[in-house]
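Summary of structural features
Next come the chains, spelled out residue by residue.
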Amino acid sequence: MAASTATGAPSGARVLVVGSGGREHALAAAIAASPKVATVAFAGGPNAGLEAIAERIAPERIEEVAPSFDLTVIGPEAPLADGLADRLRAAGLVVFGPSQAAAQLEASKAFTKEICTRAGVPTAKAAICDTLEEALAAVRRMGAPIVVKADGLAAGKGVVLADTLEEAERAVSVCFDGAFGAAGARVVLEERLEGPEVSLFALSDGKCVRPLATARDYKRAFDGDRGPNTGGMGAVSPAPGFSDAERDAAMDTIVRPSLATLAADGIDYVGVLYAGLMLTREGPKLIEYNVRFGDPECQVIFPRLGADAYEVLYATATGNLADMKLTTEDGAAVGVVVAAEGYPAAVRKDEVIRGLDAVSAAGATVYHAGTRPDGELVLSNGGRVLTVVATGPDVAAARKTVYDALAHLDWPGGRMRRDIAG
Ligand code: AMP
Ligand code: GLY
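In this report, the structure presented in the accompanying data block is examined. (Residues numbered from 1 in each chain as written. Chains lettered and ligands numbered in written order. Predicted model: local features only at pLDDT ≥ 70, side-chain atom pairs only at ≥ 80, totals over all residues. Heavy atoms only, no water.)

Time to look at the packing of helix H8 (residues 132-142) against helix H9 (residues 165-176). In contact at an axis separation of 10 Å, H8 and H9 are set at 160° when each is read in the N-to-C sense. Taken as axis vectors, H8 and H9 run roughly antiparallel relative to one another. The crossing of H8 and H9 is right-handed. Residues Leu-132, Ala-135, Leu-136, Val-139 and Arg-140 of H8 form the contact with H9, whose own contacting residues are Leu-165, Ala-168, Glu-169, Val-172, Ser-173 and Phe-176. (Axes fitted to C-alpha atoms, helices over the stretch in contact; angles between N-to-C directions. Helix = DSSP H or I, 4+ residues; strand = E, 2+ residues; numbered from the N terminus. Parallel < 35°, antiparallel > 145°, perpendicular 65-115°, else oblique. Left-handed = near helix turned anticlockwise from the far one by under 90°. Contact = heavy atoms within 4.5 Å.)

Structural data, given as structure tokens:
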């Protein structure tokens, strides 16, 4: 039998990461760095960076191969909302990631509103509407500006910040016309909050809830927070202007009461909870929950983890989080996404990316998101293609290192924001 550590995590371990983006590359790299891990595999599409450190498994084979792994870490929300964690746990496996019932915190905004109301969590006032007529009446009652959200998972496209009643009415009609399929069959209308946004990440093992580092991501495509929303063009950790004391207070007013209310309904949360907060004049308010790590936030959180990533994830998956030494390194991490020209709209693929070794040699870490290997070459294969990350004693130092390193990247078709963490 393999030797176990203090947290019960076996040595010589085999770990499976579900997903194949930049977030999963960062997770797999952190897990592979553990002296207790022998093998890492990932399930998903091609990714030149992941394939250099982990065996690739076809997503259709996850449930077949998972029993040969000591731990399965589920990266994206879709398999969680689909109940993958439940099916693997039913087979007796150790899984990092919440159940389908708990994943409703991301998969249904109406569900989250109801939990928040019962838990007394500060959040935007909202109306949940099941018909077009109901929603139009609520829009007129609430007035503009107003936020219109499709209830379900809409790949980040289901939210409209409407400045006028007409815009809000149009957004509501688009939802009920089926633009988001079943995700838009119910609409959540919210008062518009104002303030900087921060991302708070907490681990929960079903009993114990503990914070990780905070982060801020940069959602807009272009410098100066202009242009369309994207999955995220960069991230910085810690979130500027959000102290550890404020983070701990938000854990107590937002995260812990939400998870306690879920638990009272018989739903234990196991995994990471990502709280998107807005720092309003009345204090932090919850904008949304996600039931997974952020991408690219994950890429700036793990480099600052002052603990063995494999042991932390294993302890969370097995109810041993309270025993875990869990600290965050001082200093900061800055991550810059390099996207294909045109992202978030259609992009060209199969362009050769050179200079990656020189970027690394300049002190940055390259996480691959949309790449594929082709012999010795790395080709672009998606919208967000790389996240390049550097750490440093403070944000300014990390920022300088990452942008200096990026000067060595040789990919004419790549585009990045120049103002991440600026
Ligand atoms: P969500 O998918 O709920 O995170 O919304 C996407 C983005 O829309 C958030 O990151 C915020 O920037 C913005 N947003 C969502 N809800 C509100 C709100 N009630 N007030 C202001 N901005 C919001
Ligand atoms: N970067 C935002 C997200 O992962 O949802």
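The strand order across the open sheet built from three strands is S18-S21-S20, with neighbouring strands paired in antiparallel fashion. This sheet does not close on itself; its edge strands, each paired only once, are strand S18 (352-353) and strand S20 (371-374). Bridge analysis of S20 against strand S21 (residues 377-380) gives four bridges, and the strand direction is antiparallel. If you follow Asp-374 over to S21, its bridge partner there is Leu-377. (Pairing = 2+ DSSP bridges.)

Take the pattern of salt bridges next. Counted by the stated rule, this structure contains 26 salt bridges. Between Arg-292 and Glu-77 there is a salt bridge, and its shortest N-O distance comes to 2.9 Å. Residue Arg-292 is found in the loop between strand S16 (283-290) and helix H11 (297-301), and its partner Glu-77 is found in helix H4 (residues 77-81); the two are separated by 215 residues along the sequence. Residue classification places Arg-292 among the buried residues on the basis of a relative accessible area of 13%. A relative accessible area of 22% places Glu-77 in the partly exposed class. (Salt bridge = Lys/Arg side-chain N within 4 Å of Asp/Glu carboxyl O. Buried < 20%, exposed > 50% of the residue type's maximum accessible area, 1.4 Å probe, protein only.)

All right, on to unusual backbone geometry then. In this structure, the amide linkage connecting Ala-144 to the following residue, Pro-145, adopts the cis form with an omega of -5°. Note on placement: Pro-145 falls in the loop between H8 and strand S7 (146-150). The omega angle of the peptide bond from Tyr-343 to Pro-344 is 15°, so this bond is cis rather than trans. Considering the arrangement of structural elements, one finds Pro-344 in the loop between strand S17 (332-340) and S18. Positive phi, normally seen in glycine, also occurs at Asp-225, with a value near 55°. Assessed through its relative accessible area of 45%, Asp-225 is described here as partly exposed. Here Ala-421, not a glycine, exhibits a phi torsion of approximately 60°, which is positive. On the secondary structure map, Ala-421 appears in the segment after strand S23 (414-415).

Interpretation note: all reported values are geometric properties and have no functional meaning in isolation.
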